[in-house]
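Descriptive structure summary
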Amino acid sequence: MQLLKTNQITKLLAQLIFIVLPTIAIVFFCLWHISHYFTIIQDNWFRQGIYFSIGIVLSLLIYSSRLRFSVSFLLLLLSLFIVYKIMDSLSFSEIDGFFISVQYLLFTYLFSFGWLCGWGLQRAKWFPTFLVGILLIASMILISKNGDLTVQKLIFNLLPILLYSIYILYTNASLQQTDTTQKSFFWKYSFRLFLFSILLVAFTGTLIYTMLPNIEATVAEYGGQGKDGENQMLTKQKDGTEKNKQSMEMSDKNNRNKNPEPLFCAHIDNFLPASDIANPLYLTAYHFTKFDSLTETFERDTIQEFNDEFFPDPSSIPLFSTYTDSSKLKIANGTRNKDVVQVEIYKKRLSNDAFVAPSTAFFVQPITIEKDFQKEFSSAYRSKSLVSQLNSAYFIYNTDNPSIMMFQERRFKELRGAKDYKALPEKFMKYYTDFPKYGKYKALAKLADSIQQNKKTTIDKVLAVRDYFLQKNAFGEQVYTYSDNPGIPGLPSASKLNYFLFESKKGYCAYYAGATCFLLRGMGIPSRIVTGFLTIDRSDKNPGWYWYYEDQSHAWVQVYFPEYGWIDFDTTVGNDEAERSPAPDGTPPLQPPKAIITMSGNIISIDTAQKTIELQTQTATFKDIEYKNTNTTVSLDAKIALIWRDSLALKLQELKKNDKITAVSYAEKLNAYSNEKSFDKIVNKLPKTIPIDEIYVFVAKNKTTENTPETDTNEKHSAYYYLKHLFFFLLSFVLILFSLPVLTMHYFRWQVKKTSSLKRKAFYAHRASDYFLHQLGYKKENKTDLSFAQNIDQHFNTNYANFMEKYLKSKYSTASLKEHEQEVIQRFFFPFERKIKQRIALKTRILHFLNLKEYLSYFIPLKF
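These notes cover the structure that comes with them. (Residues numbered from 1 in each chain as written. Predicted model: local features only at pLDDT ≥ 70, side-chain atom pairs only at ≥ 80, totals over all residues. Heavy atoms only, no water.)

**Focus: the overall build of the protein**
Rule in force here: Put simply, DSSP marks the helices as runs of H or I at least four residues long and the strands as runs of E at least two long, and each gets a number from the N terminus on. Only protein chains enter the accessibility calculation, which uses a 1.4 Å probe; a residue whose area is less than 20% of its type maximum is buried, one above 50% is exposed, and one in between is partly exposed. Here, two residues are considered to be in contact whenever any of their heavy atoms come within 4.5 Å of each other. We get accessible surface area from the Shrake-Rupley algorithm with a probe of 1.4 Å; when it comes to residues, only the shown protein chains can shield them.
Along the backbone of the protein there are 24 helices and 26 strands. Residues counted as buried form 50% of the 864 residues belonging to the protein. Looking at the protein alone, contacts between residues at least 24 apart form 74% of all its contacts between residues at least 6 apart. For the protein, the accessible surface area stands at approximately 42000 Å², while carbon and sulfur atoms represent 57% of it.

Shown next as structure tokens:
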């Protein structure tokens, strides 16, 4: 019986260390990989990996006994479902409640999957094969989402799964056939697995190295073709809308969908000075500041301290509420020749959560769409940006139009007077001039040196890069041309940028922007890539209005100039198609007047005769300044107010007490009042009854149909951050696990030392000595306490039996202990411990106290 117990404990411990820990690690890796493609995971993948870890460890421990799986698993699912129902019945806000329920469902799925894995790895011999199959299928699906394939991507994404698959199949079979009762099992088995892992990695590395040219040729031939009609600058959402991609690979195709339906239209309130001539601006979505040489992908880096990317989700902001982040203006660090520009975006097929605006944006406010245009446009917002006067689209276009080129000379002349970079922080310069200068990137550095020769100012170096792409051959033909299908690199392992610059010399905007950024950084010029939309002024019918189609999705570079900030430059050549829309531009929507005051809250009372409403406000906006948690009672004059529930017009009589509404006033007379520190002070100055023009009734959305709120990307952490924390989590888990025997010993010693009660001191002295001896390999087994103590005395020359007699008397006898007997108990343990330690070497004691098998067998005597 004792042999069975020992064997079971040893096997359980081996499963935890050799099977469960690697499985947890590979699930963490998979969740991190999934987080790149599914918003619901985002930066929570680490926490969700913990859910799985708890499930698999608990399940493995529980099913090490003879507990039936089917009944226990059904009870678990029922318990989780009951908790979900209880949470669903609690009172949350609509968004918070939905978010919490979704996160709980994720916990349920991952915890249940972990529980299933724990049972399978404990009970079912076929389960590792089943688990490997699931992981391989999932990894192949995720790899297919990577856009163009590279050998680096395949190795990075697939190799960990393949290595784990071989390891787990071997380890599971090997563990089943190994005698866990043999001495030094853990050390021998660990050494065997270590040798197997070394051989596996060496064999895999050798295979990849010898087969690399063939692998790269095959990947280059079949990878990266994309789906027909897929635009590499945009990504399609589940609801059919489009938004800019948050990664920018150098794909071999940029299939431009010629859909005649525009994505959105915009009114940009920017005109040439003292004229009604529209002055278009490029619209920015994302900044790409870091290059991953492993995957040859430009990445957003939202946690770096110089990040001035404004990234709100307009769909998550209540109507007429505002979101402002003026810190972005300070980070952008440039105020010379800049103006605040207001832009209104009306979306047709652009995703509701997408945000685009001229750089540098700092303000957004969702606005209404005029009733006659609500079927055409899905949503709208107003934004504000601090825009450089040197960022007019006419300054940015890469064109051979003589008139525009003369206009651009004004910009170049202005920037030639810009200061140098000596006064900028070294950290800023290091970050924005960083690029790999080793290996295949050396050619880029040499090209940058040759282009900047004899160029003294930053702007002349930038123009030299532009002119390099505009060069012509002896026949007057463009050397570099525009192509949505730049082709496959002809040499194995050739960088797409090298291939573009030195061989094919054809590509689309991402190629030109990436190459320009690298060349500028090679010259020591701080630069970055931005994506968004090229703005084309196609018509004089509606000045300031612009329509945007899919083929206007674009990438270009921004160069930093001291005092001026980030300045746009577009070096893409020959993309004439983007300037022509696939269909005539439509009629722009009627712009609503600017809201002076908006108030959201619950109706206290309604006077239908006087047509007034008493409103308990929760939030309010006055002249673009938002006030939260206002809790102010206001009286509203609703005589001329239009009342809407979605697109349905209502009468005042249809409103009810406690209805949640947003009241909007466009009354110009309210402009005469200034803002205050609190909304109460504003209300005290306003008319007693505030005139209202529109009322919007809040409609509760079904939780099951509402989109999951997107996590603020500014809170994302890099993969390194999470992998580092994963490493420390696993390391901490192992350290705590192996520290348990020592920590337990210290706990018993502490109890012996601090306990004043003689009876409790006797108990803990007995428990501490018994545990101490057990951990050192001296087990009581079937002996009585007294006979075991006598054997210890014979071996170590201690007084253990004398103490045991007094302990048993204090435990079972009703007679009180005599004074000398009490003295034995008081003075027993610590001298006893010292004498044992003197007879057993420190190294031996350490090894014994690292033996988790002995530790578990003391506290968990498993029954069969």
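**With respect to the pattern of salt bridges**
Inclusion rule: We define a salt bridge as a contact between a side-chain nitrogen of Lys or Arg and a carboxyl oxygen of Asp or Glu at a distance within 4 Å.
Tallied over the entire structure, the rule returns 23 salt bridges. Taking the shortest distance from any N to any O, the salt bridge between K348 and E376 comes out at 3.3 Å. Residue K348 is located in the loop between β9 (338-347) and β10 (361-367), and its partner E376 is located in the loop between β10 and β11 (379-388); the two are separated by 28 residues in the primary sequence. Looking at K348, the relative accessible area reads 17%, which means it is buried.

**Digging into the packing of aromatic side chains**
In plain terms, the rule: Each Phe, Tyr or Trp ring (for Trp, its six-membered ring) is paired with any other whose centre lies within 6.5 Å, and the angle between the two planes then decides the class: stacked below 30 degrees, edge-to-face above 60, tilted in between. Whether a charge sits over a ring comes down to the Lys NZ or Arg CZ being within 6 Å of the ring centre and within 35 degrees of the ring normal.
One pass over the structure, following the stated rule, counts 72 aromatic pairs. Note on F435 and F518: the rings are 5.2 Å apart at their centroids and 35 degrees apart in plane angle, and the pair reads as tilted. Separated by 83 residues along the polypeptide, F435 in the loop between α11 (426-432) and α12 (442-451) and F518 in helix α15 (residues 509-522) bring together distant segments of the chain. For the pair F435 and F518, one class covers both residues: buried. Here a set of aromatic residues connected by ring pairs shows up, and it is made of Y51, Y63, F69, F73, F107, F111, W115, W119, W126, F127 and F130. Note that K384 overlies the ring of F363, its terminal NZ or CZ placed 4.8 Å from the centroid. If you follow K754 out to its NZ or CZ, it ends over the ring of W750, 4.9 Å from the centre.

**Let's talk about the environment of S810**
To keep it simple, the criterion reads: Whenever a nitrogen or oxygen atom comes within 3.5 Å of another N or O atom, the pair is scored as a polar contact, on the condition that within protein one atom can donate a hydrogen and the other can accept it, and that pairs from neighbouring residues in sequence are kept only if both atoms are in side chains.
Its place among the elements puts S810 in helix α20 (residues 800-812). Look at S810 and you get buried, because its relative accessible area is 13%. Leaving out residues up to four positions away in the same chain, S810 has contacts with K759, A762 and L817. At 2.7 Å, the side chain of S810 forms a polar contact with the backbone oxygen of Y807.

**Things to note about the side chain of N391**
The topology assignment puts N391 in the loop between β11 and α9 (393-396). N391 gets classed as buried once you look at its relative accessible area, which sits at 4%. Those residues in contact with N391 that lie beyond four places of it in its chain are L281, I396, R411, W566, I567 and D568.

**Quick word on the sheet that holds β11**
Consider a sheet: its strands pair through backbone hydrogen bonds, and that pairing is either parallel or antiparallel. Which entries qualify depends on this criterion: We treat two strands as partners when DSSP finds at least two bridges between them.
Strand order in the open sheet made by the six strands is β8-β10-β11-β9-β4-β15, with antiparallel pairing throughout. Where the open sheet ends on each side, the last strands, each with one partner, are β8 (323-324) and β15 (545-548). With two bridges connecting them, β8 and β10 associate as antiparallel partners. Each residue of the ladder has a partner; that of T324, found in β10, is F363.

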